[in-house]
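# A closer look at the structure
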Amino acid sequence: MSKVASRYRDPASETLSWRLILILLAVAFLGIVVVLPLVTVFYEAFRKGTGAFIAAFDEPDAIAAIRLTLTVAAIAVPLNLVFGVAAAWAIAKFEFRGKTFLVTLIDLPFSISPVISGLVYVLLFGAQSYLGPILKSQGIQIIFALPGMVLATIFVTFPFIARELIPLMQEQGTGDEEAALSLGASGWQTFWYVTLPNVKWGLLYGVLLCNARAMGEFGAVSVVSGHVRGLTETMPLHIEILYNEYNFAAAFAIATLLALLALVTLALKTVLELRYGDEIAAGRKH
Amino acid sequence: MDVKIKNIRKEFARFPALHDLSLDIASGELIALLGPSGSGKTTLLRLIAGLEQPTEGQIFFGNEDASLKSVQMRNIGFVFQHYALFRHMTVAENIAFGLKVRPSATRPPKAEIRKRVADLLDMVQLSGLEKRYPNQLSGGQRQRVALARAMAIEPSVLLLDEPFGALDAKVRKELRRWLREFHDRTGHTTVFVTHDQEEALELADRVVVMSQGKIEQVGTADDVYDRPGSPFVFSFIGSSSELPVTLKQGAVHFNDRPIGIADQGEGRARLFFRPQDVVLTDGAEALSGKVTACRRLAGTRIAEIDIAHGAGSSDKAHHVEIEVPLDAPVTLGGDLSFRPTRWRLFLES
Amino acid sequence: MKSWRQPSILPGFGLTLGYTILYLTLIILVPLAALVWRSTGIGWDAFWALAFDQRTLLALRVSFGAALIAAAINVIFGVVVAWVLVRYQFPGRRLLDAIIDLPFALPTAVAGISLAALYAPKGWIGQIFAPLGIRIAFTPLGIVIALIFVGLPFVVRTVQPVMAELDREMEEAAATLGASRLQTLTRIVLPTLVPAILTGFALAFARAVGEYGSVIFIAGNVPYVSEIAPLLIVIRLEEFNYAGATSIACIMLIISFVMLLIINMLQMWSRRRYSNV
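Quantities reported herein were computed from a predicted structural model and do not represent experimental measurements.

### So, the overall build of chain C
Of the regular secondary structure elements, chain C holds 13 helices and zero strands. Going from the N terminus to the C terminus, chain C shows its helices and strands as α-α-α-α-α-α-α-α-α-α-α-α-α. Along the three orthogonal principal directions, the C-alpha set of chain C runs to about 75 × 65 × 35 Å. When burial is assessed residue by residue, chain C has 60% of its 277 residues classed as buried. Considering only intrachain contacts with a sequence separation of at least 6, the fraction spanning at least 24 residues in chain C is 73%. As displayed, chain C has an accessible area near 11,600 Å², and 69% of this comes from carbon and sulfur atoms.

### Observations regarding the confidence of the model for chain A
Detailed reading of predicted coordinates is not advised where the pLDDT is low. Scored by pLDDT, chain A comes out at a mean of 89, with 95% of its residues at no less than 70. Note on residues 1-6 of chain A: pLDDT under 50 across the span, and six contacts to partners over four residues away in sequence or across chains.

### Quick look at the sheet that holds strand β11 (residues 241-248) of chain B
All names here are of chain B. Read from one edge of the open sheet, five strands run β13-β12-β11-β14-β20, paired in antiparallel fashion. Both outer strands of the open sheet, β13 (257-261) and β20 (344-347), are each paired with one neighbouring strand and no more. Taking the axes of each pair of neighbouring strands and ignoring which way they run, one obtains an average angle of 40° across the sheet. Relative to strand β14 (residues 267-273), β11 runs antiparallel, the two sharing seven bridges. Paired with T246 across the strands is R268, a residue of β14.

### Section: unusual backbone geometry
With a phi angle near 60°, Y246(A) is a residue other than glycine that sits in the positive phi range. By secondary structure assignment, the location of Y246(A) is in the loop between α13 (235-244) and α14 (248-276).

### With respect to helix α12 (residues 229-238) of chain C
All names here are of chain C. The buried fraction of α12 amounts to nine of the ten residues, a majority that puts the element mostly inside the structure. By the burial criterion, the buried members of α12 are A229, P230, L231, L232, I233, V234, I235, R236 and L237. Positive phi shows up at F240, right after α12, with a value of about 60°.

### A word on the sheet that holds strand β4 (residues 56-61) of chain B
Residue and element names in this part refer to chain B. Spatial ordering of the open sheet is given by β2-β1-β4-β5, a layout of four strands whose pairing is antiparallel. Single-partner strands in this sheet number two, and they are β2 (15-25) and β5 (64-65). One ladder, built from two bridges, connects β4 with β5; its direction is antiparallel. What sits directly across from F61, in β5, is E64. Taken strand by strand, helix α1 (residues 41-49) contacts β1 (3-12), β2 and β4, and its axis lies near 115° from that of β1.

### Let's talk about the side chain of E52(B)
All names here are of chain B. You can see E52 is positioned in the loop between α1 and β4. Residue E52 is classed as buried on the basis of its relative accessible area, which comes to 16%. In this structure the side chain of E52 is engaged in a polar contact, spanning 3.0 Å, whose partner is the side chain of R46.

### Points about the interface of chain C and chain A
Listed by partner, the interface residues are 94 residues for chain C and 94 residues for chain A. Counting the surface lost from both chain C and chain A, the interface buries some 8,300 Å², and carbon and sulfur atoms represent 80% of this. Between the two partners, chain C and chain A, sit two salt bridges. Residue R181(C) is joined to E14(A) by a salt bridge in which the shortest nitrogen-to-oxygen separation is 2.8 Å. Summed over the shared surface of chain C and chain A, the result is 14 residue pairs in polar contact (both at pLDDT 80 or more).

### Here's the deal with empty space enclosed by the protein
In the structure shown here, the tally under the stated rule is eight cavities of 30 Å³ or more. Computed from the structure, the largest cavity encloses a volume of approximately 110 Å³. Around the largest cavity, the lining is made up of 16 residues, and of these R213(A), E217(A), P107(C), T108(C) and R207(C) lie nearest the centre. Of all the secondary-structure elements, those providing two or more residues to the lining of the largest cavity are α11 (187-216) of chain A together with α5 (102-105) of chain C.

### Section: the packing of helix α2 (residues 16-46) of chain A against α14(A)
The geometry of a pair of packed helices is captured by two quantities: the angle between their axes and the separation between those axes. Residues and elements named next belong to chain A. Axis separation between α2 and α14 bottoms out at 8 Å; the angle between their running directions is 140°. As judged from the angle between their axes, α2 and α14 are oblique. Here the hand of the crossing between α2 and α14 comes out left-handed. For the pair formed by α2 and α14, the contact residues are L38, T40, V41, F42, E44 and A45 on the first element and A249, F252, A253, A255, T256, A259, L260 and L263 on the second. Grouping the constituent residues of the contact of α2 with α14 by class yields eleven nonpolar, two polar and one charged.

### Observations regarding helix α10 (residues 181-210) of chain C
Spacing of three or four residues puts side chains on the same side of an α-helix, whose turn is 3.6 residues. Taking the largest bend as the criterion, α10(C) deviates by roughly 50°, centred on V194(C), and proline P195(C) comes between one and four positions later. Of all the 30 residues making up α10(C), 23 are buried; the element is thus mostly covered by neighbouring parts of the structure.

### Let's talk about a nonpolar patch on the surface
A grouping of I254(C), F257(C), V258(C), L261(C), I262(C), M265(C), L266(C) and W269(C) is seen on the molecular surface, where their side chains present a nonpolar patch of about 800 Å² in accessible area. Looking at the secondary structure, you find W269(C) in helix α13 (residues 242-274).

Conventions used here
Per-chain numbering applies: the sequence of each chain, read as written, is numbered from 1 onward. Key to labels: chains lettered from A, ligands numbered from 1, both in the order written. Residues qualify for local features only when their pLDDT is at least 70, as the model is predicted, and side-chain atom pairs are given and counted only at 80 or more; totals for whole chains, interfaces and linings, by contrast, use all residues. Side-chain descriptors were evaluated using all non-hydrogen atoms of the structure, hydrogens and water having been removed beforehand. Segments assigned H or I by DSSP are reported as helices when at least four residues long, segments assigned E as strands when at least two residues long, and all are numbered from the N terminus. Residue exposure (1.4 Å probe, protein chains only): buried if accessible area is under 20% of the type maximum, exposed if over 50%, otherwise partly exposed. In what follows, a contact means two residues having at least one pair of non-hydrogen atoms within 4.5 Å. Each accessible area value is a Shrake-Rupley result obtained with a 1.4 Å probe; residue values ignore everything except the protein chains displayed when judging cover. The quantity called pLDDT is the predictor's confidence in a given residue, expressed from 0 to 100. Here, strands pair whenever DSSP counts at least two bridges between them. Only the stretch in contact is used when fitting a helix axis, every axis being a line fitted to C-alpha atoms; angles between N-to-C directions are given from 0 to 180 degrees. We define a polar contact as two N or O atoms separated by no more than 3.5 Å, with the added condition that, inside protein, one atom must be a possible hydrogen donor and the other a possible acceptor, whereas residues neighbouring each other in sequence contribute only through side-chain atom pairs. Each of two parts loses accessible area, computed with a 1.4 Å probe, when they are put together; buried area is these two losses added. One speaks of a salt bridge when a side-chain nitrogen belonging to Lys or Arg is within 4 Å of a carboxyl oxygen belonging to Asp or Glu. As defined here, a cavity is a set of points on a 1 Å grid over the protein atoms alone where a 1.4 Å probe fits but cannot get out. A pocket is an open set with protein on both sides within 12 Å along at least five of seven lines, and residues line them when an atom is within 4 Å of a point. Grid points are joined across faces, edges and corners, and a volume is the space filled by probe spheres set on the points. What sets the label is the angle itself: under 35 degrees gives roughly parallel, over 145 gives roughly antiparallel, 65 to 115 gives roughly perpendicular, and the rest give oblique. Each crossing gets its handedness from the near helix: less than a right angle anticlockwise from the far helix is left-handed, clockwise is right-handed. Under the scheme applied, nonpolar residues are Ala, Val, Leu, Ile, Met, Phe, Trp, Tyr, Cys and Pro; charged residues are Asp, Glu, Lys and Arg; polar residues are all the others, including Gly. The bend at a residue is defined as the angle formed between two axes, one fitted to the seven residues ending at that residue and one fitted to the seven starting there. For patches, a residue must show more than 30% relative accessible area and have no salt bridge; joins then use 9 Å for like charges and 5 Å for nonpolar side chains, namely Val, Leu, Ile, Met, Phe, Trp and Tyr.

This is the structure:
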């Protein structure tokens, strides 16, 4: 009987040795490409000891960078949240011509270089632009200031929440809402008590991804920031400056904060997927 | 080719699917594996194909131990329940696949493959559709492509998993007759799985009735219908009613009352009878109960009757179904007395 | 007149669609229009000269070339990784699956400095290759490494769900017809994955072409050699050469657009050819 077992193999799978080879290949590839860079962040941050690590945060510029990062995200994410919900409502719950085109436009920022995302605002509001002198005369500064950085971040993270909600709400259809309306609920009540609870986990998922990208955005923000230390530096920009000043320990120390943010995002994302997989849109794409 | 299955046992992750099962299939036979879902019939078919590995036991194709052969080497034709046609290949490419993947030494030349495909398409009456893709075909056409594809490799055994399961009733009946003719023409040893008893009884030379990983009975349609070998077969094939009885001193007792003669046996038993094997009578040995439902079935009428236990018993009444003449005086809620004329007893062990 | 939308009893269509279009216009369309408008203001000859000067051309070549190579490598390994995650059960599979998204969640600047440290001649990986005379960091090779990191999740996450939906009976059918496992994989499994693989490739490629943060630290940024197009835009901006920056941006957008169009057409073709005909 053991002879049978040893000769037999599942016809719809690879042999054990091939399976092992492929698993090892995948593990090795992910280990080198993904895990090693992550480990390096923490290794480099603590290489000069915990003293150097803590010192990196005991600095006004670092604190300012952290505060600015949080501020930018705190403005950009809610704005994209409102947009995402509105867009998903219009696109998922109604049938109208030009819908596919609208979805393509919403996806546009995904295929545009972050540097170009920043550049467009410089061209629109910068000193050389037509609007530039007018804004300046009014004392409004957009480029090389907070508004520009927020705008660039919004641009880059624009599709995240809408992209998460649209397929989810499409899948759920309009039956629940129609039932609520027929029972006498108002439009807002229907939205608050029926639609929102149905999509809350998908929404949270989208917000999570949007926030991670907003806090970590580098290219777009770099173009519009002007790199004024302590004023227009977010954490990623601060990391760049420290790195270019060969202050590696400090650069990596700040980087650990962002790496932790990424890890927490991943952990929450995994938990959401495991527990509420059905309530997060199927066939999701980044 | 004849197939012998010897003491096959199959466990899925400690869950037993087949218990020590043996079966001989003669060359050229058309065999149905019949049973409810979870009875292990599909597992048995997949074991014969080599798509599953037996935990214990052997399978012989002729005199050769097929257990030692991989599915690729067994040379079986397998038709999947949902056909598993290759979606990205045309009908012709699907049928030719089994020939094209052969090593160059045994692969027929291209012209011959083309001819073979044309012949097979002709045989399954799909000539002219060779350039179509599977999703451009109807269910019945797909089914026949799957059959042609399986036949292309000239299999020694043809295995079909619920071959008509995914088709609507009308196409199913047509294809059933067509498959029987096809089998008679080609003479392949054929095993098919079904949960539809009508299909099994009509089509197969012999029916293998399975339940809970065991073979309950193997026999012709007449065997399994007229001479069911077990309570399961009696209740699974055709309609029947069951009563718990006691055998003592050569008589069958129900509710402590003799209702007939028992040739042998002593103790508790289960009595089965078919709805048509009854007469309406008020005699001493009659059973009587309350008519709970009455429905017309073609030329007859079926009455559902609840037979209460003896006085004082709080057990649930026994529900039986009997056939009554159209002119019989049956009133809903009224009493009706009858007596089974033919029955089978299965002693409880 | 036939209405441009189907009637519905749900409220809020005008409000939400109006807001969506307004926000989209203000945030995305107007700024992009500014880019296009500014580029037209440069004048054709000047635009031509700016777009096709040697340094720009080489930067574009580095960006698109490295993105192409990285996306191709990601397709190969991404398909293997997705297959392993979908088909095999082994300890740590969940963790491996979760890790795939790290490049997506990790800020690019963090990835950039980390990769630079890792592949520098004294880094963990760099020191393995340094004695062989192979330099990775601060060469075009480094750019490819960074773009592999960035693009990986796109391939895996596009191919994975399609693999999970594969009909295993098709593979069993191929086996019963005598096909070896390799034949089944190449003739049955792979063709059905082609549309998904092309999509994953396109997404990874699009992301890699525009990537900035994770590249500039490891690239070395030597003009004419390891300078990527997005960096050249930044450099032109810092020189207050707005026309230069605008023209490079325009060329990038056009090339990306054309390539995505081609890939979209390929995808449509392959979808017709390989899946639902």
